Amino acid sequence: MDKIEIIKRPIERELSEFKALFDAALTSTAPILGDVLGYIRKRNGKMMRPMLVLLMAKLYGKINPATLHSALSLELLHTASLVHDDVVDKSDKRRGQASVNALYDNRVSVLVGDYMLATSLRHAAYTKEIELVDLVARLGQNLSEGEIVQLANTSNTEFSEEIYFDVIRKKTAALFTASAESGALSVKASAEDVDNAALFGEMIGVAFQIKDDIFDYFENEALGKPTGNDMLEGKLTLPALYVLNEKADEEKRELALRIRSLKASHEEIASFVSYVKQEGGIEYADRVMHDYRDKALALLPQQMDESLRTALTAYVDYVVDRTK
């Protein structure tokens, strides 16, 4: 059976309720806004983060309206951040489809992102739980801080894995951390269980981003970006950082600095991508990713419903095994 179907099995009814809430939140009769929200609604992905909220809530208690509204709040905040990111990165595609700023313009994209952020905060308030409202606010801070740290890193002459993981934890991993944590909080799990859920989400989120970074070294139009796209934006991710710190000579390090400062040509980037692959960067990143996978699985409680164990194990495995 497909891993996504295995993941959904214990939460099918609640996931259906969530999707109805999601569709309603992304609906408007206002000109332009309704069109853009409709476009975003139609291209929504597999709902990985909302599914994690629901699974963690079911692990520690019974899914309730606060669970659904917190899941929606986080997904709307995530989606708003992607709309804004595409403006910042000047991206014309998102996962193989036209980005909002490519179809409309930057002004519309920023305003629609703001609208979705405001809607996210309303649904956080609907939980009537100040801890969940605070969690959403902290996530917003982390996402913005991660983007700024990443931008500032373009002038850094060091190739630091520590900074790389700091950015991941404030961006991609923060979303998974908040999703798992909010699921536990929404059913009033113990402080220990909430902390455990948050750490579980963080391990998954780091693995998820490393997988995305590995994708950037291989051609795949379904991903919506060509090989080396991260480097075209001045980003050096884990495979490159490993090779630069362990294998590279001064010439390759100088090339990496040119890539980071957006001065390298397409040919130089293609050459550097091949070099990183040749020197074992992909294998190293894959090992690190699987280490985070193992850490996540080790955090699952010894005693738990078997259908949830199967679903959460499939969830973690999907993150590292996915092909897009």
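All residue numbers refer to position in the chain's written sequence, counted from 1. For a predicted model such as this one, the threshold for reporting local features is a pLDDT of at least 70, and the threshold for listing and counting side-chain atom pairs is 80 or more; totals across whole chains, interfaces and linings nevertheless cover every residue. The side-chain figures draw on all heavy atoms in the structure; neither hydrogens nor water molecules are used.

Student: Can you walk me through the overall build of the protein chain in this structure?
Tutor: Helix and strand counts for the protein chain stand at 17 helices and 2 strands. Taking 324 residues into account, the globule formula puts the C-alpha radius of gyration at 20 Å, and the protein chain, at 20 Å, falls close to it. In terms of its C-alpha atoms, the protein chain occupies a principal-axis envelope of roughly 60 × 50 × 35 Å. Exposure is judged per residue with a 1.4 Å probe applied to protein chains only, and the accessible area is read against the type maximum: over 50% gives exposed, under 20% gives buried, and values in between give partly exposed. Within the protein chain, buried positions represent 53% of all 324 residues. For the protein chain, long-range pairs separated by at least 24 residues make up 76% of all intrachain contacts whose partners lie at least 6 apart in sequence. Summed over its atoms, the accessible surface of the protein chain is roughly 15,000 Å², and 51% of this surface lies on carbon and sulfur atoms. Averaging the locations of the 40 positively and 51 negatively charged side chains of the protein chain gives two centres separated by 4 Å. The secondary structure listing takes helices from DSSP runs of H or I that are at least 4 residues long and strands from runs of E that are at least 2 residues long, numbered from the N terminus. Radius of gyration means the value over C-alpha atoms here, while the globule rule gives 2.2 Å times the residue count to the 0.38 power. Whether two residues are in contact is decided by their heavy atoms: any pair within 4.5 Å suffices. Using a 1.4 Å probe, the Shrake-Rupley method yields the accessible areas, and only the shown protein chains count as cover for residues. Counted charges follow a simple rule, with Lys and Arg positive, Asp and Glu negative, and His plus the chain ends left uncounted. In plain terms, the charge of a residue is placed at NZ if it is Lys, CZ if Arg, CG if Asp and CD if Glu.

Student: What's the story with a negative patch on the surface in this structure? I'm lost.
Tutor: Together, Asp249, Glu250, Glu251 and Glu254 make up a region of like negative charge exposed at the surface. Note on placement: Asp249 falls in the loop between helix 13 (238–246) and helix 14 (250–260). Residue classification places Asp249 among the partly exposed residues on the basis of a relative accessible area of 42%. Only residues whose relative accessible area exceeds 30% and that form no salt bridge are eligible for patches; like-charged ones are grouped when within 9 Å, while nonpolar side chains (Val, Leu, Ile, Met, Phe, Trp, Tyr) are grouped when within 5 Å. Any Lys or Arg side-chain nitrogen found within 4 Å of a carboxyl oxygen on Asp or Glu counts as a salt bridge.

Student: Hey, could you run me through helix 7 (residues 106–126) in this one?
Tutor: An α-helix turns once per 3.6 residues; consequently, residues spaced three or four apart project the same way. Working rule for helices: expected span equals 1.5 Å times residues minus one. For helix 7, spanning 21 residues, the distance from its first C-alpha to its last is 30 Å, which sits close to the expected 30 Å at 1.5 Å a residue. Every buried residue of helix 7 is listed here: Val108, Ser109, Val112, Gly113, Met116, Thr119, Ser120, His123 and Ala124. Taken down its axis, helix 7 places every buried residue within 150° of arc, on the same side. Seen from the open side of helix 7, the exposed residues pointing more than 90 degrees away from its buried face are Arg107, Leu111 and Arg122. Each element contacted by the buried residues of helix 7 is listed here: helix 2 (12–25), helix 3 (33–42), helix 5 (65–89), helix 6 (100–103) and helix 8 (130–152). A 3.5 Å cut-off defines polar contacts: any pair of N or O atoms within that distance qualifies, except that in protein one atom must be a possible hydrogen donor and the other a possible acceptor, and neighbouring residues in sequence count only when both atoms are side-chain atoms. Two or three places before Arg107, at the opening of helix 7, Asp105 has a side-chain oxygen 3.1 Å from that residue's backbone nitrogen. Just beyond helix 7, the residue with positive phi is Lys128, at close to 60°. For this quantity, the arc is that covered by the directions from the helix axis to the C-beta atoms.

Student: Honestly, a nonpolar patch on the surface in this entry has me stumped. Any pointers?
Tutor: A surface patch of nonpolar side chains, amounting to about 270 Å² of accessible area, comprises Ile32, Leu103 and Tyr104. With respect to the helices and strands, Ile32 occurs in the loop between helix 2 and helix 3. Owing to a relative accessible area of 48%, Ile32 belongs among the partly exposed residues under this scheme.

Student: Mind showing me how you'd approach the nonpolar core here?
Tutor: To qualify as a nonpolar core, a set must consist of buried Ala, Val, Leu, Ile, Met, Phe, Trp, Tyr and Cys residues joined through side-chain atoms within 4.5 Å. If you look at the biggest cluster of nonpolar residues, it comprises 106 residues, and the most contacted ones within it are Ile210, Leu236, Phe272 and Tyr315. Residues contacting Tyr315, with those up to four places away along its chain left out, are Ile7, Met48, Arg49, Met51, Leu52, Leu55, Phe176 and Ile204.

Student: Looking at this model, I keep getting lost on the pattern of salt bridges. Mind explaining?
Tutor: Pairing between side chains of opposite charge can happen when the charged atoms of each approach one another. Overall, the coordinates contain 18 salt bridges when judged by the stated rule. Between Lys170 and Glu145 there is a salt bridge; the shortest N-O distance is 3.6 Å. Placement of Lys170 in helix 9 (residues 161–170) and of Glu145 in helix 8 is noted, with a sequence separation of 25 residues between them. Between Arg169 and Glu202 there is a salt bridge, with its nearest N and O atoms 3.0 Å apart. With Arg169 in helix 9 and Glu202 in helix 11 (residues 191–215), this pair connects stretches of sequence that are 33 residues apart. Look at Arg169 and you get partly exposed, because its relative accessible area is 34%. The network of salt bridges with shared partners includes Arg13, Glu14, Glu17 and Lys58.

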